[in-house]
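Examining the three-dimensional arrangement
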2 protein chains.
Amino acid sequence: MTNQSVIDALAALADPTRRQIFEHIADRPRAVGELAGVLPVSRPAVSQHLKVLKEAGLVLDRADGTRRIYQLDPGGLAALRDYLDGFWNRSLAAFKQAAEQTPKEK
Amino acid sequence: MTNQSVIDALAALADPTRRQIFEHIADRPRAVGELAGVLPVSRPAVSQHLKVLKEAGLVLDRADGTRRIYQLDPGGLAALRDYLDGFWNRSLAAFKQAAEQTPKEK
DNA sequence: CGGATTGGTTAGTCATTACTTACGGTAAGT
DNA sequence: ACTTACCGTAAGTAATGACTAACCAATCCG
């Protein structure tokens, strides 16, 4: 609900490795070791990234024996999309106004 | 069009100062010195951030005498929103499936 | 012209953070 | 119980990047 979650989500997705993890999870739920096997980083690194993604509200986790399954969290994504939608309207208005001010654009 | 622009946009908005700059520009077009006067950083810092935002396709600039006016670029925002929308559908599907697998959630 | 205003660029410093290695902890199998 | 498999945490290091100070370029006004 807060604006901080959106900020955390943006910062979380800014890292290339975290974005790869996120995209793999988006495909289907994954275990930690499964992700580490695909990615070019160690398993602890994956764990640390998953912690960041979880705190940002982008992923959920559940236990499955000794394994831990991670999946997407719709809440974080919705917050992000709503945040960007807020700019979208203002962006269109500003762009329209600027186009009128400089009509001789190539 | 490429996926790289989306990645650049995410990384650009991850920085707190850049997000503040972006939000001020979203309010209305601004000059560089105008932004530096409001923000707690120096003018060169603002210039560097604007360069990043511009390369990410999030802002546009035009000359106005010695000043340079920056405004939002709808293209970058649209690409970002479409990117997140792609995850949104997958997220809902994954969440629904997981809810069925663990029906005894509190 | 000459000074003043406005911005972009460069060099260098400092803080943040992503990564690996090592360790501890829990659950399943024998 | 012992071993194996899987995962999170801590410590330490290397690399990324955000910032300031100094300098240079372009435009406007007297």
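Look above for the structure.
Cut-offs applied
Residues numbered from 1 in each chain as written. Chains lettered and ligands numbered in written order. Predicted model: local features only at pLDDT ≥ 70, side-chain atom pairs only at ≥ 80, totals over all residues. Heavy atoms only, no water. Least-squares fit on C-alpha atoms with pLDDT ≥ 70 in both. Contact = heavy atoms within 4.5 Å. Near = heavy atom within 4 Å. Polar contact = N/O pair within 3.5 Å; in protein donor to acceptor, adjacent residues only side chain to side chain. Helix = DSSP H or I, 4+ residues; strand = E, 2+ residues; numbered from the N terminus. Nonpolar A, V, L, I, M, F, W, Y, C, P; charged D, E, K, R; others polar. Pairing = 2+ DSSP bridges. Salt bridge = Lys/Arg side-chain N within 4 Å of Asp/Glu carboxyl O. Buried < 20%, exposed > 50% of the residue type's maximum accessible area, 1.4 Å probe, protein only. Lys, Arg positive; Asp, Glu negative; His and termini not counted.

Mapping chain B onto chain A leaves a residual RMSD of 0.1 Å; the transformation is a rotation of 179 degrees accompanied by 0.1 Å of translation along its axis. When the rotation and shift are considered jointly, the pair of chain copies conforms to a two-fold rotation axis. Interface overlap between copies is the fraction of interface residues in one copy that are interface residues in the other; for chain B against chain A it reaches 100%, indicating a shared surface.

Before going further, it helps to spend a moment on the protein's contact with DNA strand C. Surrounding DNA strand C, one finds 23 residues, the nearest of these being A:Ser42, A:His49, B:Arg43, B:Ser47 and B:Tyr70. B:Ser47 is positioned such that a nitrogen or oxygen atom in its side chain is 2.5 Å from a phosphate oxygen of DNA strand C. Between DNA strand C and B:Thr66 there is a distance of 3.2 Å, counted from a sugar or linking oxygen to a side-chain nitrogen or oxygen. With five residues, the single largest contributor to the surface near DNA strand C is helix α4 (residues 43-55) of chain B. For the surface near DNA strand C, a count of residues per class yields seven nonpolar, ten polar and six charged.

Residue and element names in this part refer to chain A. For strand β1 (residues 30-31) and strand β3 (residues 67-72), the ladder comprises two bridges, and the chain directions are antiparallel. The residue bridging Ala31 from the neighbouring strand is Ile69, located in β3. Where strand β2 (residues 59-64) meets β3, six bridges bridge the pair, whose relative direction is antiparallel. Looking at β3, one finds that Leu60 is bridged to Gln71. In sequence, β2 turns back onto β3 through a hairpin of two residues, with Gly65 there showing a positive phi of about 70 degrees.

Looking now at the pattern of salt bridges. Applying the stated criterion across every chain, the model contains 14 salt bridges over all chains. As a salt-bridge pair, A:Arg81 and B:Asp85 come within 3.1 Å of each other at their nearest N and O atoms. Of this pair, A:Arg81 sits in helix α5 (residues 74-101) while B:Asp85 sits in helix α5 (residues 74-101), which puts the two residues in different chains. On the basis of relative accessible area, B:Asp85 is assigned to the partly exposed category, the value being 24%. Residues joined by salt bridges that share partners form a network here, namely A:Asp27, A:Arg28, A:Arg30 and A:Glu34.

Within the open sheet, the three strands sit side by side as β1-β3-β2 (chain B). Their pairing is antiparallel. Single-partner strands in this sheet number two, and they are β1 (30-31) and β2 (59-64) of chain B.

Attention shifts here to the side chain of A:Arg18. Residues and elements named next belong to chain A. By the element assignment, Arg18 lies in helix α2 (residues 16-27). Of the side chains with opposite charge, Asp15 comes closest to the buried, unpaired Arg18, at an N-O distance of 4.7 Å. Among residues more than four places away in sequence, those in contact with Arg18 are Ala11, Ala12, His49, Val52 and Leu53.

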